[in-house]
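# An overview of the molecular structure
Chain residues, written in single-letter form:
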Amino acid sequence: MGGKFDEYDWAELPPDAKVAAENLGYTQTKWDKGHKMPFYEKGWEEMTKEQQVFLGVLGYSQESWDGSGASEPEVFCCGMLLGE
C-alpha cells in the first residue's frame, strides 16, 4: 500500500497533509523515521471514519489500503493497472 506523500519528508508535506498526519498520531520525528502507527495493522473497514478521511488526504483509498498488500502502490493509467 502506498500513499501520495509516503516519500515526502515532514518539511515537504503541504499543510493539509501535515494536519491529516498529526490527526493520525504522527509527529515530525515519527513521520521522518517511517514509524508505522497501530492503525497500519487494520483493514480499511476496521478504522474510524475520521482515520479514513485523514488517510484519504494522504492519498489512500479503501482499494489502495486493502487491495494488494504489496509495498508498491497500485498505479492506474489509461484504464490499466501498471506495475504488475
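What counts and how
Residues numbered from 1 in each chain as written. Predicted model: local features only at pLDDT ≥ 70, side-chain atom pairs only at ≥ 80, totals over all residues. Heavy atoms only, no water. Helix = DSSP H or I, 4+ residues; strand = E, 2+ residues; numbered from the N terminus. Buried < 20%, exposed > 50% of the residue type's maximum accessible area, 1.4 Å probe, protein only. Polar contact = N/O pair within 3.5 Å; in protein donor to acceptor, adjacent residues only side chain to side chain. Arc of directions from axis to C-beta. Contact = heavy atoms within 4.5 Å. pLDDT = per-residue confidence, 0-100. Patch = residues over 30% accessible without salt bridge, like charges linked within 9 Å, V, L, I, M, F, W, Y side chains within 5 Å. Areas by Shrake-Rupley, 256 points an atom, 1.4 Å probe, with all protein chains shown as cover. Salt bridge = Lys/Arg side-chain N within 4 Å of Asp/Glu carboxyl O. Lys, Arg positive; Asp, Glu negative; His and termini not counted. Charge placed at Lys NZ, Arg CZ, Asp CG, Glu CD.

Here Ser64 lies in helix 4 (residues 62-66). Owing to a relative accessible area of 18%, Ser64 belongs among the buried residues under this scheme. Of the polar contacts made by the side chain of Ser64, one reaches the backbone nitrogen of Ser61; its length is 2.8 Å.

Those residues of helix 3 (residues 49-57) lying buried are Gln51, Gln52 and Leu55. Viewed end-on, helix 3 has its buried residues packed into an arc of 100 degrees, placing them on one side of the element. Residues Lys49, Glu50 and Val53 are exposed on helix 3 and point more than 90 degrees away from its buried face. For helix 3, the elements touching its buried residues are helix 4.

Attention shifts here to the confidence of the model for the protein. Low pLDDT marks stretches whose predicted atomic positions should not be read closely. Scored by pLDDT, the protein comes out at a mean of 83, with 79% of its residues at no less than 70. Of all the helices and strands in the protein, strand 1 (residues 75-77) carries the lowest mean pLDDT, 49, while helix 1 (residues 15-23) carries the highest, 96.

As a further point, take a negative patch on the surface. A cluster of like negative charges, contributed by Glu45, Glu46, Glu63 and Asp66, occupies part of the molecular surface. Since its relative accessible area comes to 55%, Glu45 is described here as exposed.

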